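Here is how the chains run, residue by residue.
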Amino acid sequence: MPITDHQEQKPVKLRARNLDFSYGDKKVLDGISMDIFAEQATAIIGPSGCGKSTFLKCFNRIHEVSSEVRVAGDLEIDGVDIFRGGIHEVELRRRVGMVFQKPNPFPKSIYENVVFGPKLFGVRDRDILDGIAEESLRKAALWDEVKDRLKESAMSMSGGQQQRLCIARALAVNPEVLLMDEPCSALDPIATAKIEELIFELKKEFTVLMVTHNMQQAARVSDYTAFFWLGRLIEMGPTERIFTNPRDRMTEDYISGRFG
Amino acid sequence: MVRHFDSELQDLRDGLMAMAGQVEEMIDLSQAAVSEGSSGKAEEVKAMDRLVDEQELKLDQACIDLLALRSPIATDLRLIASSLKIIPEIERIGDHCCNIARRVPYIHPPILAGDALERLAGETRGMVRQAVDAFVNGNAELAREVIAADDKVDVLYVQIYKDLLRIMLADPLCIERASNLIIVIKNWERIADQATNIAEEVLFILEGVNVKHPYLHQPEG
Amino acid sequence: MNLMQKPRMRMKPQALARWTDRIMRCVLWVIAIGFIAVLLIFVGAILKQGWPVLNLGFFTKMPESLDAGGGIKPELFNSIYLVALSLAVSLPTGIGAGIYLAEYAGQGRVLRFFRLCIETLAGTPSIVLALFGMIVFVQTLGWSFSLRAGAMTLALLNIPVITRVTEMSLRSVPPDLKEASYGLGATKLQTILKVLLPYSATGILTGVVLAAGRAFGESAILVFTAGTNVSSRFPDFRLTAPGESLAVHLWYVTSDGTLPDAREIAAGTAAAMILVLLILNLGVRFIDYRIRKRTR
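Analysis parameters
Residues numbered from 1 in each chain as written. Chains lettered and ligands numbered in written order. Predicted model: local features only at pLDDT ≥ 70, side-chain atom pairs only at ≥ 80, totals over all residues. Helix = DSSP H or I, 4+ residues; strand = E, 2+ residues; numbered from the N terminus. Buried ≥ 20, exposed ≤ 12 C-beta atoms within 10 Å, placed from the backbone. Contact = placed C-beta atoms within 7 Å. Pairing = 2+ DSSP bridges. Nonpolar A, V, L, I, M, F, W, Y, C, P; charged D, E, K, R; others polar. Expected span 1.5 Å × (residues − 1). Axes fitted to C-alpha atoms, helices over the stretch in contact; angles between N-to-C directions. Bend = angle between axes of the 7 residues up to and from the residue. Parallel < 35°, antiparallel > 145°, perpendicular 65-115°, else oblique. Left-handed = near helix turned anticlockwise from the far one by under 90°. Core = buried A, V, L, I, M, F, W, Y, C linked by C-beta atoms within 7 Å. Domains from an automatic or database assignment.

1. Regarding the overall build of chain B
Reasoning step 1: Secondary structure summary: chain B contains six helices and zero strands in total.
Reasoning step 2: When the 221 residues of chain B are sorted by exposure, 38% land in the buried category.
Reasoning step 3: Counting contacts in chain B only where the partners sit at least 6 residues apart, residues at least 24 apart contribute 79% of the total.

Okay, here's the thing in structure tokens:
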């Protein structure tokens, strides 16, 4: 059973059961069992190399692009197995969007960045694309800042704007889940605050699973917090509980900065 | 950085201990003042209260600073948040001691037979000491004992209260001393309540569970 | 005392570092200016000698074999046509191979052999390629000295260059762009076409220009495969036509010695080649600038 202590009203969106994961011979995840609830923000914290980013990336199989990996155990989205349930990885990635650590807009215009996804799936109609672009940029709280310069290069934006553009780009394919891998680690506090505010809004509509090194950020934006250590899930629970009264000594030491 | 934070937390604990020590001394003094009828000791108690008030201000500020600068979480957070609640409890104990000291001129010669008054004071003093020890040593068992001991104090209080009522009914000349004594025992009983509150905060620091108002956690009916 | 000495001790290495910095900067400036000077003198000398010859007639007349006053019209045409033909073969092949190596190939033994082949082909002296082209295309396939034999052999010269520059450019695309594309549900092919190739376009373009320039100036290969004659027709687009290029013409007139004005013709031809290369490079820089401006 997953290590959690709260009876959530929302359905389980993503489910991991006894998930093992290795890069070649190196075991990165060891028997992770965890439920991630729909329309909630779940934060994963833990020291570098604890496997939290790997776990995140398992959900849209993006790690398979560049490395030889071995996976054992079950990973489900809406109860359907991600590896064996007949979901093609391209379809999976459309349903499970991802925002990366470093803002990574394409060296194209702001507009082209947002409609990149929809165009891949064959949307050609200019009006529809325009609508998607506006809606996604609005959801990413970026529309008012860029509506007059959609044709300008995304590279001319600030780091925080670029990251929100990446969020808009991910939203444009209308995903169900948003994976965020330390989305604010390259941003200044003001840009970070904007993204956090955004995550707060987004979780009303999407399931958000994020990795963060910033404990306060996990505390500020997430409903659930999971602590990973050496590839294992040590503790997961409602964020308030984890931050006021963690059950596990290691969680306590980590979040209060006494680790090691 | 964490080491520095830890030493700041230790400073807070030490400050609380010092303040509690001061108050324990006030308890001893006011008990002695009551039993000896010493107005000199009573004056000493009132003088000490000023020191306690000063410490309260200092420790309050220390807690606020730690919250603002260190963003404490988990145990650290519970320690500081509970300290913010323990500090006024200790300060109130000092105030109760002053109230007792103020009654000293009006309760002599004694009208109560037996040692019930001493037992009440001793029991209360023991609770305060145990509550402080539980805080200092992180001893949850001791804290639970304090909470349990409160009932004993309440029983003693009611018993003395009834005795005093009886004395007043029997001899109207005793009414002034008896009513002042009622104020004294009420203050002892209040001090025992403060000790209980401190013990409850200690349990929250140690276990993260709020044990106040247990009736709220029971199923209805 | 001690306090007085300490700051001076600390100043010393700083001053030293500053001086090293200045000296190194001077040295590098001298080297850079030296190179530019050599280049300018070289180009200047060629243009100075060729300038009197360069007039409209020179570019529009057919060459003479015995009399003075011949032009280079068909040679100029053949040079450009040959480069275009060879690129038509080497671009798809080279870029395709580069994409394969960068994105599809694994780490196997076959692949290492394939890589070795490309490296070897890239390092093959052009005279060896020339003889290979003559034996295979001219003789075995019976294409005789023709544009098609020349273009095919030039393509052999260019394919490894284009393959390598394509592979390198694709590999230099930041992996997070690739991840972004896959993360949005793009397939591998979509990622290559819509993200990787546009991003590495300027790199590949630079490589292609280098390859085209090399093909344009190549003589040994073309002497043995495209021949030293030109078609009597103009313009002759037939692939079977003989295809003497500018570089071959330059070599031919100076070594043959039957032309009374061989020196002038050679100087003019050299100057014309330099001009064409200059225009080619400037044009590509302009395109490159436009691409960069649009994307970055």
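2. A short note on the sheet that holds strand β5 (residues 80–81) of chain A
Residues and elements named next belong to chain A.
Reasoning step 1: With respect to topology, four strands assemble into an open sheet ordered β2-β1-β4-β5, the strand pairing being antiparallel. With partners counted over all chains shown, the strands left at the sheet margins are β2 (26–37) and β5, one partner each.
Reasoning step 2: The pairing of strand β1 (residues 12–23) with strand β4 (residues 69–77) spans eight bridges and is classified as antiparallel. By the bridge assignment, Ser22 is partnered in β4 with Arg70.

3. Description of the interface of chain C and chain A
Reasoning step 1: Residue-level contacts link 17 residues of chain C with 22 residues of chain A.
Reasoning step 2: Those elements that place two or more of their residues in the side of chain C that touches chain A are α7 (175–183) and α8 (188–217) of chain C.
Reasoning step 3: Here the residues of the side of chain C that touches chain A sort into eight nonpolar, five polar and four charged.

4. Details of helix α6 (residues 175–207) of chain B
Reasoning step 1: When the terminal C-alpha atoms of α6(B) are compared, their 48 Å separation across 33 residues agrees well with the 48 Å that a helix rising 1.5 Å per residue should span.
Reasoning step 2: Two residues or fewer after α6(B) comes B:Gly208, characterised by a positive phi angle close to 70°.

5. With respect to the sheet that holds strand β8 (residues 207–211) of chain A
Residues and elements named next belong to chain A.
Reasoning step 1: Spatial strand order, β6-β7-β8-β3-β9-β10: six strands in an open sheet with mixed pairing. Looking along the sheet, the strands with just one partner apiece sit at the ends: β6 (96–99) and β10 (232–238). On average, adjacent strands in this sheet sit at an angle of 20° to one another, irrespective of strand direction.
Reasoning step 2: As paired elements, strand β7 (residues 177–181) and β8 share five bridges and run parallel to each other. Residue Met180 lies in a different strand from β8, and its bridge partner there is Met210.

6. Concerning unusual backbone geometry
Reasoning step 1: Cis peptide bonds are those with omega within 30 degrees of zero, and the linkage from B:His108 to B:Pro109 qualifies with -5°.
Reasoning step 2: Counting through the fold element by element, B:Pro109 comes out in the loop between α3 (74–103) and α4 (116–137).
Reasoning step 3: You will see that A:Ala141, though not glycine, has its phi angle at about 55°, which is positive.
Reasoning step 4: Structurally, A:Ala141 can be placed in the loop between α5 (126–139) and α6 (143–146).
Reasoning step 5: A count of 17 C-beta atoms within 10 Å places A:Ala141 in the partly exposed class.
Reasoning step 6: We note that B:His213 has phi near 45°; this positive angle belongs to a residue other than glycine.

7. Re α3(B)
Reasoning step 1: For α3(B), spanning 30 residues, the distance from its first C-alpha to its last is 44 Å, which sits close to the expected 44 Å at 1.5 Å a residue.
Reasoning step 2: The largest bend in α3(B) comes to about 25°, at B:Leu84, with the proline B:Pro88 one to four residues further on.

8. Regarding the packing of α4(B) against helix α5 (residues 140–170) of chain B
When two helices pack together, their arrangement is captured by the angle between the axes and the distance separating the axes.
All names here are of chain B.
Reasoning step 1: For the pair α4 and α5, the least separation of the axes is 9 Å and the interaxial angle reads 160°. Taken together, α4 and α5 sit at an angle that is classed as roughly antiparallel. Considering how the two elements wind past one another, α4 and α5 form a crossing that is left-handed. Together, Ala116, Leu117, Arg119, Leu120, Glu123, Thr124, Met127, Gln130, Ala131, Asp133 and Ala134 of α4 and Leu142, Ala143, Glu145, Val146, Ala149, Lys152, Val153, Leu156, Tyr157, Gln159, Ile160 and Asp163 of α5 make up the contact between the two elements.
Reasoning step 2: Grouping the amino acids of the contact of α4 with α5 by side-chain chemistry returns 14 nonpolar, three polar and six charged.

9. Examining the nonpolar core
Residue and element names in this part refer to chain B.
Reasoning step 1: Ala131 and Ala199 are the most contacted members of the largest nonpolar core, which has 207 residues in total.
Reasoning step 2: In terms of residue count, α6 provides more of this core than any other element does, 14 residues in total.
Reasoning step 3: Not counting residues within four places of it along the chain, the set of residues in contact with Ala199 comprises Ala131, Ala134, Ala143, Val146 and Ile147.

10. Brief notes about the interface of chain A and chain B
Reasoning step 1: Taken together, the contacts link 11 residues of chain A with nine residues of chain B.
Reasoning step 2: Mapped by element, the contributors of at least two residues to the side of chain A that touches chain B are α9 (215–221), α10 (239–244) and α11 (249–255) of chain A.
Reasoning step 3: Split by residue class, the side of chain A that touches chain B holds four nonpolar, five polar and two charged.

11. Things to note about the domain arrangement of chain C
Residues and elements named next belong to chain C.
Reasoning step 1: By the assigned domains, chain C splits into domain 1 (15–53) and domain 2 (56–295).
Reasoning step 2: Once you take the C-alpha centre of each, domain 1 and domain 2 turn out to be 29 Å apart.
Reasoning step 3: Here the side of domain 1 that touches domain 2 is composed, by residue class, of five nonpolar, two polar and no charged.

12. Some remarks on the arrangement of the chains
Reasoning step 1: For the two pairs of chains in contact, the maximum contact count is reached by chains A and C.
Reasoning step 2: Chain B shows no contact with chain C. Their nearest C-alpha atoms sit 30 Å apart.

13. With respect to the packing of α4(B) against α6(B)
Residue and element names in this part refer to chain B.
Reasoning step 1: The contact between α4 and α6 brings their axes to 9 Å, and the two run at 20°. Judged by the angle between their axes, α4 and α6 are roughly parallel. Of the two elements, α4 crosses α6, and the hand of that crossing is left-handed. Contacts from Leu120, Ala121, Thr124, Met127, Val128, Ala131, Ala134 and Phe135 of α4 reach α6 at Ile185, Trp188, Ile191, Ala192, Ala195, Ile198, Ala199 and Val202.
Reasoning step 2: Looking at side-chain class alone, the contact of α4 with α6 contains 15 nonpolar, one polar and no charged residues.

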